[in-house]
Amino acid sequence: GNYANHRYSELTQINKDNVKDLNMAWSFSTGVLRGHEGNSLVIDGTMYVHTAFPNIVFALDLNNDGAIKWKYEPKQNYDETVPVMCCDTVNRGLSYGDGKIFLNQADTTLVALNATDGSVVWSDKRDDPKRGATSTAAAHVFKDKVLVGISGGEFGVRGYIQAYDLDGNTLYKAYSTGPDEEMLIDPAKT
């Protein structure tokens, strides 16, 4: 993949000529039986896998037949969050930057996990499912920023994208509708 989200790999070890020779080495079940829509991440011999609600994250040791290195299981309010989630209880992926795994939880909490041990480095709950706001999209890391959006337009939630630095400090919030200053649009340059 790349920063343009093309999701095309330029790796060449597996190709059209040798793909037929692949065999299953091991398997892993997350224990969650809802939609799993995001890709796993593989970084330095560890595979990071996530689930649909309740958004569990597993770190699997690829050098030890997928043994669980750590597990993060967030606490979210099912009754407030799941009824207002659009398009099933899915989560569309994790992201990585600066030694952290970023999880955009369904309840709108963005969590930075230490990639080595799964401990919470920082988190920020930026909205409230009680008003219809949820999150199913992956957070995206671009250089030194983490960008994350919001769901809930069908409940009147005003769309926005929020940017953080890799240490969890909010840099800006840009709305998709509204006055220019809230959309971060400069009319002289647009």
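Everything quoted here is computed from the prediction, not taken from an experiment.

Quick notes on the rules
Within each chain, residue numbers correspond to sequence positions counted from 1 in written order. Two thresholds apply to this predicted model, a pLDDT of at least 70 for residue-level local features and 80 or more for giving and counting side-chain atom pairs, whereas whole-chain, interface and lining totals are computed over all residues. Heavy atoms from the whole structure form the basis of all side-chain values; hydrogens and water molecules are not counted. Labels follow the DSSP assignment, with helices taken as runs of H or I lasting at least four residues and strands as runs of E lasting at least two, numbered in each case from the N terminus. Between N or O atoms, a polar contact is any pair within 3.5 Å; within protein, one atom must be a potential hydrogen donor and the other a potential acceptor, and residues adjacent in sequence are included only when both atoms are from side chains. For salt bridges, the criterion is a side-chain nitrogen of Lys or Arg within 4 Å of an Asp or Glu carboxyl oxygen. Only protein chains enter the accessibility calculation, which uses a 1.4 Å probe; a residue is then buried when its area is under 20% of its type maximum, exposed when over 50%, and partly exposed in between. For two strands to be treated as a pair, DSSP must find no fewer than two bridges joining them. Geometry is summarised by axes, namely lines fitted to C-alpha atoms with helices restricted to the contacting stretch, and by angles between N-to-C directions that run from 0 to 180 degrees. Here the nonpolar core consists of buried residues drawn from Ala, Val, Leu, Ile, Met, Phe, Trp, Tyr and Cys, with membership extended through side-chain atoms lying within 4.5 Å. Whether two residues are in contact is decided by their heavy atoms: any pair within 4.5 Å suffices. Disulfides are defined as cysteine sulfur pairs within 2.5 Å.

Draft legend 1. Seen up close, the environment of tyrosine 96. By the element assignment, tyrosine 96 lies in strand S5 (residues 94-97). Along the sequence, tyrosine 96 and threonine 190 sit 94 residues apart, while their C-alpha atoms lie 32 Å from each other. Within polar-contact distance, the side chain of tyrosine 96 engages the backbone nitrogen of glycine 99 at 3.5 Å.

Draft legend 2. Quick look at the pattern of salt bridges. Under the criterion given, the structure shown has eight salt bridges. Residues glutamate 73 and lysine 71 are paired through a salt bridge, measuring 3.5 Å at the closest nitrogen-oxygen approach. Residue classification places glutamate 73 among the partly exposed residues on the basis of a relative accessible area of 38%. The residue aspartate 144 makes a salt bridge to lysine 145 at a minimum N-O spacing of 3.2 Å. We classify aspartate 144 as partly exposed; its relative accessible area is 47%.

Draft legend 3. Inspection of the sheet that holds strand S10 (residues 145-149) at higher detail. Here we have four strands laid out as an open sheet, ordered S9-S10-S11-S12, and antiparallel in their pairing. The sheet terminates laterally at strand S9 (140-142) and strand S12 (170-175), the two strands that pair on one side only. Taken pair by pair, the neighbouring strands of this sheet meet at an average axis angle of 20°, ignoring direction. When S9 meets S10, the two strands line up antiparallel, connected through three bridges. Looking across to S10, one finds that valine 141 is bridged to valine 146.

Draft legend 4. Summary view of the nonpolar core. Residues Tyr48, Val57, Trp70, Tyr72, Leu94, Ile101 and Leu113 are the most contacted members of the largest nonpolar core, which totals 13 residues. Elements supplying a minimum of two residues to this core: strand S1 (41-43), strand S3 (57-61), strand S4 (67-72), strand S6 (100-104) and strand S7 (109-114). If near-sequence neighbours (up to four positions away) are discounted, leucine 113 is found in contact with Val57, Trp70, Tyr72, Gly99, Lys100, Ile101, Gly118, Ser119, Val120 and Val121.

Draft legend 5. Spatial organisation of the state of the cysteines. According to the stated counting rule, one finds one disulfide in the structure shown. Paired by a disulfide, cysteine 86 and cysteine 87 hold their sulfur atoms 2.5 Å apart. What makes cysteine 86 partly exposed here is its relative accessible area of 33%.

Draft legend 6. Representation of the sheet that holds S5. Spatially, S5-S6-S7-S8 is the arrangement adopted by the four strands of the open sheet, whose pairing is antiparallel. Across the chains shown, the open sheet's two edge strands, defined by having one partner strand only, are S5 and strand S8 (120-125). Pairwise comparison of adjacent strand axes, ignoring direction, gives a mean angle of 20° for this sheet. Inspection of the sheet shows S6 paired to S7 by five bridges, in the antiparallel sense. Across the sheet, residue lysine 100 finds its bridge partner in S7, namely asparagine 114.

Draft legend 7. Structural detail: the pairing of S4. Direction of pairing for S3 relative to S4: antiparallel, over a ladder of five bridges. Pairing of phenylalanine 58 across the sheet is with lysine 71, part of S4.

Draft legend 8. Representation of the pairing of S3 within the structure. With five of five residues buried, S3 is to be regarded as a mostly interior element. Residues Val57, Ala59 and Asp61 point to one face of S3 and Phe58 and Leu60 to the other, with burial holding for every one of them. In this sheet, S3 lies alongside strand S2 (residues 46-50) in antiparallel orientation, the contact comprising five bridges. If you follow tyrosine 48 over to S3, its bridge partner there is alanine 59.

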